[in-house]
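# Coordinate inspection notes
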Amino acid sequence: MNKNFYITTPIYYPSANPHMGHAYSSIVADFFARFKKIDGYKVYFLTGTDEHGLKIQRSAEKQNIEPYQFCNKISQTFKDLTKTLNLSNTDFIRTTEDRHKKSVQHLWNELIKNDEIYLSKYSGWYSVSDEAFYGNDEIEDIEGKKVAKSSKSSVEWIEEESFFFRLSKWQKPLLDFYKSNPNFISPKTRKNEVISFVKEGLKDLSISRKSFSWGIKVPNNSEHIIYVWLDALTNYISALNYPNLKDQLYKDFWPASIHIIGKDILRFHAVYWPAFLMAAKIDLPLKIYGHGWILSGDEKMSKSKGNILDPIEIINKYGLDALRYYLIKEVSFGNDGNISREKLEECINSDLANNFGNLCQRVTAFAIKNCSSKIPEKIKFEKNDLVILDKYKNNLDIIRSKVDEQNVNFYIDYIIKSLFEANKYFNDEEPWSKKDDLVRLNTIVYTTFEIVRKISFLLYPIIPDSSLKALKIFNLEEKDVVFSSIAENELLTKGEKINKIDILFKKMEKKND
């Protein structure tokens, strides 16, 4: 069994500062990366910035600085965000790096060699904001302005000499590939959109521009720069040192296990990218997952709309793990998600402070007082104890398979249900009334401690810092977090001293108007 796992976020376009949509893609990818790591996989987790194109060039011109200087500044904010969000990424790629340029130019040459590229003239609608070309049927008039129907971004008519990729010839191979690889695009609704788009017919794709200069030069023709998407998508293999097919990174991790992207860039990833790879005779990634948008009201958060909820502000006020948990729980993975401060505060209070934090505090305080501040030694499990403990072992493979299906909702619901059952168990068993039966008292405490450990292990990919704080009760560290060990019922060392921990999550006080 292949125990290598390669996951990517989109590479972000640094024309302005990061917003909640960027944070969401990254946090979700980090959840999968961390889960696979604790399940014994060798993980390569890539994120980065996409730094070429007309939008970047214009943004830099507005600030009267060179595009590369502009990219250095904004790219750093995205790099800083990986630390702020506590991402476990292995690599951060910038498309302005030499390793990337070499890969892109090599890929171009492979496509030329295979007669997949030809020179012609492009005339049509182009959106600078989307870095995308649109047909007449994809354009509409709004208040006298031509915009793309899908994104509502302004489009402009351009006419210029351009190199074209023979996308049209890959229509049937793509449809055949989707049919024989039904899990390639997820969720299903996105797959249906892509198949419908490809069935309508594919036109050859303009893959170079002459009207601006900020990008990777076309080999042997310095008048042209390579179209942003052919450049950007290649990051997924340039980070693995393509074209060196013998490089250990490339051998270990390509094809990618999953590309996590927003649904607005699905066409580029599920149509153009596999077509480029097929044409260059490179293996295709195993899966592309197009998640929904983070909405503010009923609209997608975007720089141009000015409706951005700043993740840094939220983290400063509520804490990082509160945001990580809330985004993973509240946004049904694959669908659009509407977020608000009010819902975030409710989530902190009910799930994190009451259910998880309170359970950790209660059982620890009780053990400090009644078990000499130690993990109980003399125990004897009864049926009630084993019913709740064995649930984790019985569900081990189900949890794994649900994560492999990107069913994040199942995972979080399983934790919420487990927390409810754990609190109910401790209340129903009433250890405080068993002081004349110390073996029973000890067993209830030990069982609850084991449940806290198991739930903390499950929470680790979502809220790593807070789960590790909870595990300090038992002197457990990050290296001790192993997913398969939730099947064990007596992992905690009996007789070992326990530690009192600080409050994990402070309850948010509701303001009265």
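Calculation rules
Residues numbered from 1 in each chain as written. Predicted model: local features only at pLDDT ≥ 70, side-chain atom pairs only at ≥ 80, totals over all residues. Heavy atoms only, no water. Pairing = 2+ DSSP bridges. Helix = DSSP H or I, 4+ residues; strand = E, 2+ residues; numbered from the N terminus. Contact = heavy atoms within 4.5 Å. Axes fitted to C-alpha atoms, helices over the stretch in contact; angles between N-to-C directions. Phe/Tyr/Trp six-rings, centres within 6.5 Å; stacked < 30°, edge-to-face > 60°. Buried < 20%, exposed > 50% of the residue type's maximum accessible area, 1.4 Å probe, protein only. Core = buried A, V, L, I, M, F, W, Y, C linked by side-chain atoms within 4.5 Å. Salt bridge = Lys/Arg side-chain N within 4 Å of Asp/Glu carboxyl O. Bend = angle between axes of the 7 residues up to and from the residue. Polar contact = N/O pair within 3.5 Å; in protein donor to acceptor, adjacent residues only side chain to side chain.

Taken in spatial order, the six strands make up an open sheet running S3-S2-S1-S14-S15-S9, and their pairing is parallel. On the outer flanks of this sheet lie strand S3 (91-94) and strand S9 (185-186), each paired with one strand and no other. Sheet analysis places strand S2 (residues 42-49) next to S3, joined by four bridges and oriented parallel. From the neighbouring strand, Gly48 faces S3, where its bridge partner is Ile93. Lying over the sheet, helix H1 (residues 20-38) contacts strand S1 (4-12), S2, strand S14 (258-262) and strand S15 (288-291), oriented at roughly 170 degrees with respect to S1.

This brings us to the sheet that holds strand S10 (residues 205-206). The pairing of strands in a sheet comes from backbone hydrogen bonds and takes either a parallel or an antiparallel form. Here we have four strands laid out as an open sheet, ordered S5-S4-S8-S10, and antiparallel in their pairing. Each edge of the open sheet carries a strand with a single partner, namely strand S5 (132-134) and S10. Inspection of the sheet shows strand S4 (residues 117-127) paired to strand S8 (residues 156-165) by ten bridges, in the antiparallel sense. What sits directly across from Tyr118, in S8, is Phe164.

A few words now on the packing of aromatic side chains. Taken as a whole and assessed by the stated rule, the structure comprises 29 aromatic pairs. Between Phe31 and Phe32, the ring centres sit 5.1 Å apart and the planes meet at 65 degrees, which makes this aromatic pair edge-to-face. The exposure class assigned to Phe31 is buried, which follows from its relative accessible area of 1%. Here Phe410 and Tyr414 contribute two aromatic rings whose centre-to-centre distance is 6.2 Å and whose plane-to-plane angle is 25 degrees, an arrangement assigned as stacked. Taken together, the residues Phe410 and Tyr414, both in helix H15 (residues 408-429) and four residues apart, mark about one turn of the helix.

Okay, the nonpolar core next. The biggest cluster of nonpolar side chains holds 94 residues, and the ones touching the most others in it are Phe32 and Phe449. Every residue in contact with Phe449, bar those within four places of it in the chain, is listed here: Val363, Thr364, Ala367, Ile375, Pro376, Ile473, Phe474, Leu492 and Ile498. One finds Tyr126, Phe164, Ile207 and Tyr227 within the second-largest nonpolar core, a separate group that totals 75 residues.

What follows deals with the pairing of strand S13 (residues 221-226). Of the strand pairs in this sheet, strand S11 (residues 208-209) and S13 are connected by two bridges, and their pairing is antiparallel. Residue Arg209 lies in a different strand from S13, and its bridge partner there is Ile225.

Put simply, Ser186 and Pro187 share a cis peptide bond, and its omega is -10 degrees. Looking at where Pro187 falls in the secondary structure, it is placed in the loop between S9 and helix H6 (188-199). Positive phi, normally seen in glycine, also occurs at Gln406, with a value near 60 degrees. We classify Gln406 as buried; its relative accessible area is 8%. At Glu430, a residue that is not glycine, the phi angle is positive and equals roughly 45 degrees. Within the element layout of this structure, Glu430 appears in the loop between H15 and helix H16 (438-459).

Attention now goes to the pattern of salt bridges. Under the criterion given, the structure shown has 33 salt bridges. For Arg324, the salt bridge is made with Asp30, and the minimal N-O distance between the two is 2.7 Å. Taken together, the residues Arg324 in helix H12 (residues 320-330) and Asp30 in helix H1 connect sequence positions 294 residues apart. Side by side, Arg324 and Asp30 carry an identical accessibility label, which is buried. Its salt-bridge partner being Arg400, residue Asp397 comes within 3.0 Å of it at the nearest N-O pair. A residue pair is termed a helical-turn pair when its members lie 3 or 4 positions apart in one helix, as Asp397 and Arg400 do in helix H14 (residues 383-404) at three residues.

A separate point is helix H13 (residues 341-370). An α-helix turns once every 3.6 residues. As a result, residues three or four positions apart point the same way. Of all the bends in H13, the greatest measures close to 40 degrees and is centred on Asn358. Just downstream of H13, Ser372 is the residue with a positive phi angle, here 55 degrees.

Let's shift gears to the pairing of S2. Most of S2 is tucked away, with seven of its eight residues classed as buried. When S1 meets S2, the two strands line up parallel, connected through seven bridges. Within S2, the position partnered with Ile7 by the bridge is Phe45.

Tracing the backbone through its elements, the reader meets His52 in the loop between S2 and helix H2 (54-62). The buried category is assigned to His52, whose relative accessible area is 3%. At 2.6 Å, the side chain of His52 forms a polar contact with the side chain of Asp231. Among all residues touching His52, those that are not within four sequence positions of it are Tyr13, Thr95, Thr96, Glu131, Trp214, Gly215, Ile216, Val228 and Asp231.

In short, geometric facts, not functional conclusions.
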